[in-house]
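Topology and contacts: notes
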Amino acid sequence: MLEALTGTGLAASAGLNAYIPLVTMGLLARYTDVIDLPTGWSWLSNGWTLLILAVLLAIEVVADKVPVVDHVNDVVQTVVRPTAGGLAFGAGSSSETVTVSDPGSFFGSHQWVPIAAGVVIALVVHGVKAASRPVVNATTAGVGAPVASTAEDIGSVVMSVLAIVLPVLVLVGLVAMVLAGVWVVRRRRQRKALVG
């Protein structure tokens, strides 16, 4: 149960920022005993992997804070965030992968399920994030983009750390995300009603 909560929290975190949960897991696995990645996922704690992820994280953090550029970033991240969510869920839930040279074994063993679950969770969170950003930008004339992006980054860091250290608190984070999603949908409907 805790492994599923860890995977869920990491995947949800990837929906906000693709690289934060991967960097968090890699750093914690490399420099602490807080998380022990399974053999198939140990590449996340490799120095070169962490360097590449850190560069990609820096690019996303900057791009996500600039109005208009954040929309382009969200389009690109529609593929990246769910992929990162699948990786984060797979690694975080300690699922071992098999070589895809034997697809029958991979799909027959259900080891793909955590990765697929992570993809779906990250895609849903990303969808809410991507849908909320135009509302934030339009209602604040773009001034809210850096504020919203910073809040999302902080939320992603907190959710990643909680998923690894106190997975039970992931439920609280998920409830907060659902409430934020409901608020965004209501704001969009209100805005369309005023315009239309």
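In what follows, the accompanying structure is described. (Residues numbered from 1 in each chain as written. Predicted model: local features only at pLDDT ≥ 70, side-chain atom pairs only at ≥ 80, totals over all residues. Heavy atoms only, no water.)

Side note on the overall build of the protein
Counted only if it meets this: In DSSP terms, a helix is any run of H or I states spanning at least four residues, a strand is any run of E spanning at least two, and both are numbered starting from the N terminus. Burial classification: accessible surface area is computed with a 1.4 Å probe over protein chains only, and a residue below 20% of its type maximum counts as buried, one above 50% as exposed, and the rest as partly exposed. In what follows, residue pairs with any heavy atoms lying within 4.5 Å of each other are defined as contacts. Note on areas: Shrake-Rupley with a 1.4 Å probe; residue coverage comes only from the protein chains shown.
Each helix and strand counted, the protein has 8 helices and 0 strands in total. For the protein, the succession of helices and strands along the chain, N to C, is α-α-α-α-α-α-α-α. For the protein, the residues scored as buried account for 41% of the 196 residues in total. In the protein, the share of contacts with a sequence separation of at least 24, taken over all contacts with a separation of at least 6, comes to 74%. Accessible surface, the protein: about 10000 Å² in total, of which carbon and sulfur atoms supply 74%.

Quick notes on the nonpolar core
Put simply, the test is: Put simply, buried Ala, Val, Leu, Ile, Met, Phe, Trp, Tyr and Cys residues joined by side-chain atoms within 4.5 Å make one nonpolar core.
With 24 residues, the main nonpolar core has Leu 22, Met 25, Ile 35, Leu 37 and Leu 44 as its most contacted residues. The set of elements that each furnish at least two residues to this core consists of α1 (2-16), α2 (20-31), α3 (47-63), α4 (69-92) and α7 (144-165). Broken down by element, the residue count for this core peaks at 6 residues, all from α2. The residues contacting Ile 35, other than those within four sequence positions of it, are Met 25, Leu 28, Ala 29 and Ile 164.

A look at the packing of aromatic side chains
Basically, it comes down to this: Whether two aromatic rings pair depends on their centres lying within 6.5 Å, for rings of Phe, Tyr and Trp, where Trp uses its six-membered ring; planes under 30 degrees apart make the pair stacked, over 60 edge-to-face, and the rest tilted.
By the definition in use, this model includes 1 aromatic pair. Judged by centre distance (6.3 Å) and plane angle (35°), the ring pair of Trp 41 and Trp 43 falls under tilted.

Side note on α1
In plain terms, the rule: To estimate how far a helix should reach, multiply one less than its number of residues by 1.5 Å.
Between its first and last C-alpha, α1 extends 21 Å over 15 residues, near the 21 Å set by a 1.5 Å rise per residue. Within α1, 12 of the 15 residues are buried, leaving the element largely enclosed by the surrounding structure. Of all the positions in α1, only Leu 5, Thr 6, Gly 7, Thr 8, Gly 9, Leu 10, Ala 11, Ala 12, Ser 13, Ala 14, Gly 15 and Leu 16 are classed as buried.

Notes on unusual backbone geometry
Not every positive phi belongs to a glycine, and Val 68 is a case in point at roughly 75°. Secondary-structure assignment places Val 68 in the loop between α3 and α4. Judged by its relative accessible area of 58%, Val 68 is exposed. One non-glycine residue, Ala 141, adopts positive backbone phi at about 55°. Looking at the secondary structure, you find Ala 141 in the loop between α6 (113-140) and α7. Judged by its relative accessible area of 72%, Ala 141 is exposed.

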